[in-house]
Amino acid sequence: MEVFVVIKVLSFNRLSAFVSWAAKDRFLIGTSILRIVFGIIILYNYLMHYFQRYLLFSDVGITDYDPAIFSLYNFSASLLYFDIVYHLGILVTILFILGYRGRVVSILTFVFYFSLYQRIGYIGDGGDNLMRIILFFMMFTNNTAHFSLDRRRKKRRRFPKKTFGKLLNSTIHNYAVAACVIQLCLVYYISAFYQVMGEKWNSGTALYYISQVESYSLPLFSAISENHLYLSIILTYATIVIKLAFPLLIFNRITKIISVLAMCAFHLGILFGMGLLTFSLIMISVEFLLFTDREYKQYYCKIRSLIKAFTGGIKNRWHQLGAKKAFSANPYTESSRSIVREKQ
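Below is a summary of the structure that appears in this document. Every chain is numbered independently, its residues counted from 1 as its sequence is written. Predicted model: local features are reported for residues with pLDDT of at least 70 only, side-chain atom pairs are reported and counted for 80 or more only, and whole-chain, interface and lining totals are derived from all residues. Derived side-chain values reflect all non-hydrogen atoms in the structure, with water molecules and hydrogen atoms excluded from consideration.

Here's the deal with the environment of Asp64
Alright, step 1. Under the DSSP-based scheme used, a helix requires at least four consecutive residues in state H or I and a strand at least two consecutive residues in state E, with every element numbered from the N terminus. Mapped onto the elements of the fold, Asp64 is located in the loop between α3 (53-57) and α4 (79-98).
Alright, step 2. Through-space distance from the C-alpha of Asp64 to that of Arg119 is 7.2 Å; in sequence the pair is 55 residues apart.

Details of empty space enclosed by the protein
Alright, step 1. Computed over the protein atoms alone on a 1 Å grid, cavities are sets of points where a 1.4 Å probe fits but cannot get out and pockets are open sets with protein on both sides within 12 Å along at least five of seven lines; a residue lines them when it has an atom within 4 Å of a point. Grid points are joined across faces, edges and corners, and a volume is the space filled by probe spheres set on the points. Per the stated rule, a full pass over the model turns up 1 cavity of 30 Å³ or more.
Alright, step 2. Of the volumes computed, that of the largest cavity is approximately 40 Å³.
Alright, step 3. Ser58, Asp59, Tyr73, Ser76, Ala77, Ser78, Phe82 and Arg119 are the residues that line the largest cavity.
Alright, step 4. Here the term charged refers only to Asp, Glu, Lys and Arg, the term nonpolar to Ala, Val, Leu, Ile, Met, Phe, Trp, Tyr, Cys and Pro, and the term polar to all other amino acids, Gly among them. Class assignment of the residues belonging to the lining of the largest cavity gives a composition of 3 nonpolar, 3 polar and 2 charged.

A word on the nonpolar core
Alright, step 1. Put simply, buried Ala, Val, Leu, Ile, Met, Phe, Trp, Tyr and Cys residues joined by side-chain atoms within 4.5 Å make one nonpolar core. Exposure categories follow from relative accessible area, calculated using a 1.4 Å probe and restricted to protein chains: below 20% of the type maximum is buried, above 50% is exposed, and the middle band is partly exposed. Core analysis: the largest hydrophobic core is formed by 57 residues, its most contacted members being Phe38, Tyr46, Tyr86, Met131, Ile134, Leu135 and Phe246.
Alright, step 2. Not counting residues within four places of it along the chain, the set of residues in contact with Leu135 comprises Phe38, Ile42, Phe96, Phe110 and Tyr113.
Alright, step 3. Ranked by size, the runner-up nonpolar core spans 5 residues in total, among them Trp201, Ala206, Leu207 and Ile240. In what follows, a contact means two residues having at least one pair of non-hydrogen atoms within 4.5 Å.

Re a nonpolar patch on the surface
Alright, step 1. Taken together, the side chains of Ile182, Leu186, Tyr189, Ile190, Phe193, Tyr194, Val196, Met197 and Leu244 define a hydrophobic patch exposed on the protein surface, amounting to about 860 Å² of accessible area.
Alright, step 2. By residue number, the principal contributor to the nonpolar patch is helix α8 (residues 164-196), which donates 7 residues.
Alright, step 3. Here Tyr189 lies in helix α8.
Alright, step 4. For Tyr189, a relative accessible area of 40% gives the class partly exposed. Only residues above 30% relative accessible area that lack a salt bridge enter a patch, with like-charged residues linked at up to 9 Å and the nonpolar side chains Val, Leu, Ile, Met, Phe, Trp and Tyr linked at up to 5 Å. Computed with a 1.4 Å probe, the accessible areas rest on the Shrake-Rupley method; for each residue, only the protein chains presented here act as cover. Any carboxyl oxygen of Asp or Glu within 4 Å of a side-chain nitrogen of Lys or Arg constitutes a salt bridge here.

Points about the layout of surface pockets
Alright, step 1. Of the volumes computed, that of the second largest pocket is approximately 960 Å³.
Alright, step 2. Forming the walls of the second largest pocket are 37 residues, and the residues nearest its centre are Leu207, Thr239, Phe266, Ile270 and Met274.
Alright, step 3. Among the elements that take part in the lining of the second largest pocket, helix α13 (residues 253-274) stands out by supplying 9 residues, more than any other.
Alright, step 4. Along the lines of polarity and charge, the residues of the lining of the second largest pocket split into 23 nonpolar, 12 polar and 2 charged.

A few points about a positive patch on the surface
Alright, step 1. A contiguous patch of positive charge, built from Arg151, Arg152, Lys155, Arg156 and Lys297, is present on the exposed surface.
Alright, step 2. At 3 residues, helix α7 (residues 149-155) tops the list of elements feeding residues into the positive patch.
Alright, step 3. With respect to the helices, strands and loops of the structure, Arg152 is situated in helix α7. Asp and Glu count as negative and Lys and Arg as positive, but His and the ends of the chain are not part of the count. We put the charge of a Lys on NZ, of an Arg on CZ, of an Asp on CG and of a Glu on CD.

A short note on the pattern of salt bridges
Alright, step 1. By the definition in use, this model includes 5 salt bridges.
Alright, step 2. Asp25 serves as the salt-bridge partner of Lys166, at 3.5 Å between the closest nitrogen and oxygen. Placement of Lys166 in helix α8 and of Asp25 in the loop between α1 (2-22) and α2 (28-48) is noted, with a sequence separation of 141 residues between them.
Alright, step 3. Under the relative-accessibility criterion, Lys166 is labelled partly exposed at 26%.
Alright, step 4. A salt bridge links Asp150 to Arg153, with the nearest nitrogen and oxygen atoms 3.1 Å apart. Linking Asp150 with Arg153, this pair stays in helix α7, spanning 3 residues, or about one helical turn.
Alright, step 5. Residue Asp150 is classed as buried on the basis of its relative accessible area of 2%.

Written as structure tokens, this is what we have:
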């Protein structure tokens, strides 16, 4: 009987600890950075194709879409209506970047981007699919806690008390961030799982063969793969290993940093080797969610102290050089030196 009582007490303590952990705002800096990066990428997609928008996205263009799937652009074939929705999407994206009315604008951003995504599926690079999923979860996050107009507006108010609604919002926010991290881990693990089953990846020649496809590689990537075959083999196997181990490595602080840096390097290689700009930025930006607010503040203080020490050393060196030049150029100093030499 006493054993069951102890088990109940321990389970209750763990449950209460988990509830208290989930009820506190966490990962606010990461979600705020992700909001800005996603907003910039979406705005880039809008402006990049602005002058070709009729050809690519409208009913009079080459777009091939399913009218049964929800999209704001499907309600009318009028070009005037298309322009209104398109420009409203740009306006909503700008408000999303600035962090104005976070929850409402996050929902609008998802709706407008999802509507546009139904028209650009054939020109996407894969990263837009992940961004669409993450944007859905971001509707439930507090992504304007930092670097936003909402933060400046809330600073003018008194600090709100912990009400049930605030605790519920914090819990939903934390679960939404956890869903984003799980989605990222699934993307890495499943992609690595399918790579393991591929013959080219098993033999270590996948990156080499990818570099030989002109449509998917830049000259730099081809040159490195052709001139450094052993390096391409090592990177091929390293890609599989780091992706398979990624879901486990993020639970330790040291291994998390190593895995994130490795995946950032991997996606930067995709950026400069294959030219997939938005895909690389989307994958790198989602990894910002893996670090806690405390870790961000620690890294910021360390980087700031290093920059301060570096600039301080340069200033001291500059002052020393200036003092030496002034001392050597002073005529009174030269005369005093000659007097000392005569006395000697």
